[in-house]
Amino acid sequence: MTDPADRVLSRASLAEGNPTGWFDQLYTAAERGEAVVPWTRGTPNADLAEWIQPGEGRRALVVGSALGDDSELLAAHGWAVTGFDVAPTAIKAAQARFPDSAVDYVVADLLHPPGEWKQAFDLVVEIMNIQAMPRDYRPAALTSLAGFLAPGGTLLVCEVAEENMDMTTWVSPPWPFSRAEVESAAQDGVHLIGLETIRDGARYWAEFTR
Ligand SMILES: C[S@@+](CC[C@H](N)C(=O)[O-])C[C@H]1O[C@@H](n2cnc3c(N)ncnc32)[C@H](O)[C@@H]1O
């Protein structure tokens, strides 16, 4: 059996030392009907939908906004949302799906974020993106993430939980997180409020504030 496109493309991209190049290639192949983007569901993340709180005009940043479902959910609940993704094709697709959207969709890289995003967001949503890059990039990604959070804001982090996976047979991507790695988003004045496992132990859900 041939490997799915995400595995083939990620292997080639990572072999060239490029941790993110394959995302745009995958979205582009999917637009041509030649691949499936395995994480696109056409609906918002169920755990974010359960968490949802009124934004009342406050600023939210959605990391790895993909096709826009989570960003739109937040915008519908009153958040002033910026959704960003490293894949330009994903950003264009989100804008095309939601032409009247109030969300500001932006191409940006979590590993090299715009300086003006420093402590600029009352809500930062990181769902299953950092785990899609190899572990070497994790410390830099988590430092960017903590840096986005404004005083008094909320940072949500959701990743696959390594402790409940059989890592002897696991094939990456993604690269699951340990509990300590999730907790390490608490840095530079950001602290952990709570960390739980969800989805029968398959994922961590953590909340932080500054
Ligand atoms: C596994 S998908 C998850 C998408 C979405 N957050 C979800 O939960 O369905 C990872 C997404 O993050 C984006 N991404 C990966 N690395 C990124 C980076 N360094 N900066 C910004 N976006 C990134 C990818 O293009 C992709 O859309």
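It should be noted that the structure appears before, not after, this text.
One structure accompanies this document, and this report is about it. Predicted, not measured: the structure shown is a model, and the values here were computed from it. (Residues numbered from 1 in each chain as written. Predicted model: local features only at pLDDT ≥ 70, side-chain atom pairs only at ≥ 80, totals over all residues. Heavy atoms only, no water.)

### Considerations on unusual backbone geometry
Where the residue is not glycine, phi is negative for most of them; where a peptide bond is considered, it is trans in most cases. Heads up, the rule is: To qualify as a helix, a DSSP run of H or I must reach at least 4 residues; to qualify as a strand, a run of E must reach at least 2; elements of each kind are numbered from the N terminus. When a residue's accessible area, from a 1.4 Å probe over protein chains only, is under 20% of the maximum for its type it is buried; when over 50% it is exposed; and in between it is partly exposed.
With phi around 50°, Q119 is a residue other than glycine that occupies positive phi space. With respect to the helices and strands, the residue Q119 is situated in the loop between β3 (104–107) and β4 (121–127). For Q119, a relative accessible area of 33% corresponds to the partly exposed category. Look at D188: it is not a glycine, yet its phi comes out positive at around 55°.

### Things to note about the site of the ligand
Under the convention used in this document: The criterion for a residue being near a molecule or strand is simple. One of its heavy atoms has to lie within 4 Å of it. Any pair of nitrogen or oxygen atoms within 3.5 Å is treated as a polar contact; in protein, a donor-acceptor pairing is required on top of that, and neighbouring residues in sequence qualify only through side-chain atoms on both sides. Accessibility throughout is a Shrake-Rupley quantity obtained with a 1.4 Å probe, and a residue counts as covered only by protein chains that appear here. Residue polarity is assigned by list, with Asp, Glu, Lys and Arg as charged and Ala, Val, Leu, Ile, Met, Phe, Trp, Tyr, Cys and Pro as nonpolar; anything else, Gly included, falls into the polar class.
Y27, D85, D109, L110 and I127 are the nearest of the 18 residues found near the ligand. Contact distances for the ligand include 2.8 Å between a nitrogen atom and a side-chain N or O atom of D109. In the model, a nitrogen atom of the ligand is placed 2.9 Å from a nitrogen or oxygen of the L110 main chain. Burial of the ligand by the surrounding chains reaches 95%, relative to a free accessible area of 590 Å². For the shell around the ligand, the secondary-structure elements that each account for two or more residues are α2 (21–31) and β2 (80–85). Here the residues of the shell around the ligand sort into 12 nonpolar, three polar and three charged.

### Digging into the side chain of D85
Going by this rule: His is not counted here, nor are the chain ends, while Lys and Arg score as positive and Asp and Glu score as negative. What makes a salt bridge here is a side-chain nitrogen of Lys or Arg within 4 Å of a carboxyl oxygen of Asp or Glu, nothing more. Here a residue-residue contact requires only that any non-hydrogen atoms of the pair lie within 4.5 Å.
Inspection of the secondary structure puts D85 in strand β2. Among buried Asp, Glu, Lys and Arg side chains, D85 stands out as unpaired, with R97 the closest opposite charge at 11 Å. A distance of 3.4 Å separates a polar side-chain atom of D85 from the backbone nitrogen of S65. For D85, the residues in contact, after removing those within four places along its chain, are Y27, G64, S65, A66, A90, I91, V106, V107 and A108.

### With respect to the pattern of salt bridges
According to the stated counting rule, one finds seven salt bridges in the structure shown. For R199, the salt bridge identified is with D47, shortest N-O distance 2.8 Å. Taken together, the residues span a long stretch of sequence, with R199 in the loop between β6 (191–198) and β7 (203–209) and D47 in helix α3 (residues 46–51) at a distance of 152 residues. Judged by relative accessible area, R199 falls into the partly exposed class, the value being 38%. When the shortest N-O distance is used, the salt bridge between K118 and D188 registers 4.0 Å. Of this pair, K118 sits in the loop between β3 and β4 while D188 sits in the loop between α7 (179–183) and β6; the two residues are 70 residues apart in sequence, bridging distant segments of the chain.

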